[in-house]
Amino acid sequence: MQTGTKGTYAKNRAIKVRVSNLTKYYGDLLVLDNINFDIYKGELLCIVGPTGCGKTTFLNCLSRFIPITTGSIDVDGQPADPRLHNIAFVFQEVSAIPWLTVEDNIRFGLRVKRLPHEEIERRTERMLEIVGLTRYRAYYPQQLSASMEQRVVIARNFAINPDLLLMDEPYGQLDVKLRYYLEDELMRIWRELGSTVAFITHNIEEAVYLAERILILSPKPATIKEEVIVALPHPRQYDDPEFVKVRDYVTESIKWW
Ligand SMILES: Nc1ncnc2c1ncn2[C@@H]1O[C@H](COP(=O)(O)OP(=O)(O)OP(=O)(O)O)[C@@H](O)[C@H]1O
């Protein structure tokens with residue numbers, strides 16, 4: 001299914017990440033089976049699939065946290081390398097660094113990258129503003145609400161201008177109201193900064209709400225079963241018949257594989 005055509009979608013978009021023939025075994029267990037796809041620069045891509053199909057393994061391979069068995073992952077035409085590329089990762093149970101203030105949490109990754117002092121300060125100020133935490137810059141995470149802490153984590157990750165921001169069910173454990181709020185927040189920051197984001201979720205509604213494109217993985221060993229381009233305008237409405245159509249299509253696609 002496509003709510004837009006791939007030709008139109010891909011036109012004039014640079015390829016940021018190219019995954020070629022990606023295969024991953026844990027011992028004898030084949031988890032990822034010859035996966036091929038591109039992520040375009042500035043794209044918000046969601047990845048969905050049945051439980052246990054290999055979604056986290058897939059992100060861990062992309063981040064180079066774990067070695068791949070065969071295949072290649074290129075960023076901007078060069079083999080992905082943590083020393084060359086900024087690949088940021090937001091896990092499910094995200095938390096800010098408890099012993100650092102809000103502003104030092106944001107500075108943290110910039111300091112690791114050894115950016116010049118002025119650049120660190122410029123980016124920190126900008127991110128504080130973007131996530132609306134300037135007033136709370138000197139607070140520690142335990143003094144913040146859950147949603148504010150999530151915003152610190154988002155700010156910390158976007159601050160390094162990641163080549164690729166990988167998000168693994170970041171809002172999976174949160175109540176619905178907070179999730180909706182943070183999804184809107186993510187959309188806003190993503191649009192403002194033009195970052196490239198790959199977002200894994202179990203929640204198909206969340207994928208249709210956020211994604212420009214959805215990759216649907218098959219059960220283990222995972223292959224890419226299908227890609228769905230979601231050409232619905234923003235802000236998206238959960239009860240819009242077109243939204244429901246895409247959501248139901250993706251749900252069926254996962255269920256009947
Ligand atoms: N380090 C590991 N060693 C051996 N097997 C592993 C390892 N990590 C994951 N697996 C296996 O690989 C398969 C895929 O796991 P993975 O966590 O990537 O799937 P997932 O789609 O993210 O799961 P979920 O839907 O539960 O989030 C599972 O069968 C899991 O048991």
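Our structure's up above, just so we're on the same page.
Report on the accompanying structure. This structure is a prediction, so every number in the text was calculated from the model and none was measured. (Residues numbered from 1 in each chain as written. Predicted model: local features only at pLDDT ≥ 70, side-chain atom pairs only at ≥ 80, totals over all residues. Heavy atoms only, no water.)

## Structural notes on the site of the ligand
In the region of the ligand, the neighbouring residues are Tyr26, Leu29, Val31, Thr51, Gly52, Cys53, Gly54, Lys55, Thr56, Thr57, His202 and Lys220. His202 places a side-chain nitrogen or oxygen 3.1 Å from an oxygen atom of the ligand. In the complex, the protein chains occlude 58% of the 630 Å² of accessible area that the ligand would expose alone. Listed by contribution, the elements that provide at least two residues to the shell around the ligand are strand 2 (29–40) and helix 2 (55–63). The biggest single contributor to the shell around the ligand is helix 2, with three residues. Broken down by class, the residue content of the shell around the ligand amounts to four nonpolar, six polar and two charged. (Near = heavy atom within 4 Å. Polar contact = N/O pair within 3.5 Å; in protein donor to acceptor, adjacent residues only side chain to side chain. Areas by Shrake-Rupley, 256 points an atom, 1.4 Å probe, with all protein chains shown as cover. Helix = DSSP H or I, 4+ residues; strand = E, 2+ residues; numbered from the N terminus. Nonpolar A, V, L, I, M, F, W, Y, C, P; charged D, E, K, R; others polar.)

## A short note on the packing of helix 3 (residues 102–112) against helix 5 (residues 146–159)
When two helices pack together, their arrangement is given by the angle between the helix axes and by the axis-to-axis distance. Running from amino to carboxyl end, helix 3 crosses helix 5 at an angle of 30°, the nearest separation of the two axes being 8 Å. Taken together, the axis directions place helix 3 and helix 5 in an arrangement best described as roughly parallel. The element helix 3 and its partner helix 5 pack so that their crossing is right-handed. Along its contact with helix 3, which presents Val102, Asn105, Ile106 and Leu110, the element helix 5 presents Val152, Ala155, Arg156 and Ala159. When grouped by side-chain class, the residues that make up the contact of helix 3 with helix 5 number six nonpolar, one polar and one charged. (Axes fitted to C-alpha atoms, helices over the stretch in contact; angles between N-to-C directions. Parallel < 35°, antiparallel > 145°, perpendicular 65-115°, else oblique. Left-handed = near helix turned anticlockwise from the far one by under 90°. Contact = heavy atoms within 4.5 Å.)

## Looking at the sheet that holds strand 6 (residues 87–90)
As a general point, the strands of a sheet are linked pairwise by backbone hydrogen bonds and lie either parallel or antiparallel. Strands sit in the order 6-7-8-3-9-10 across an open sheet of six strands; the sheet is mixed. Unpaired on one side and paired on the other, strand 6 and strand 10 (224–229) mark the two borders of the sheet. Taking each pair of neighbouring strands and ignoring which way they run, the sheet shows an average axis angle of 20°. Direction of pairing for strand 6 relative to strand 7 (residues 164–168): parallel, over a ladder of four bridges. Residue pairing in the sheet places Phe89 in a bridge with Leu166 of strand 7. On the sheet, helix 8 (residues 241–255) packs against strand 3 (44–48), strand 9 (213–217) and strand 10 and is oriented at approximately 180° with respect to strand 10. (Pairing = 2+ DSSP bridges.)

## Observations regarding the layout of surface pockets
Here the largest pocket defines a volume of roughly 530 Å³. Along the wall of the largest pocket there are 22 residues; nearest its centre are Ile87, Ala88, Phe89, Asn157 and Ile160. For the lining of the largest pocket, the secondary structure elements donating two or more residues are strand 6, helix 3 and helix 5. Counting residues per element, the lining of the largest pocket draws most heavily on strand 6, which supplies four residues. Taken together, the residues that form the lining of the largest pocket break down as twelve nonpolar, six polar and four charged. Shared between two domains, the lining of the largest pocket takes at least three residues from each, and those domains are domain 1 (6–85 + 164–255) and domain 2 (96–162). Taken together, Lys16, Lys41, Gly42, Phe158, Asn161, Pro162, Asp163, Leu193, Gly194, Ser195 and Thr196 form the lining of the second largest pocket. The residue makeup of the lining of the second largest pocket, split by class, is three nonpolar, five polar and three charged. Residue contributions to the lining of the second largest pocket reach at least three from each of two domains, namely domain 1 (6–85 + 164–255) and domain 2 (96–162). (1 Å grid on protein atoms, 1.4 Å probe; cavity = no way out; pocket = protein on both sides within 12 Å on 5 of 7 lines; lining within 4 Å. Points joined across faces, edges and corners; volume = space filled by probe spheres on them. Domains from an automatic or database assignment.)

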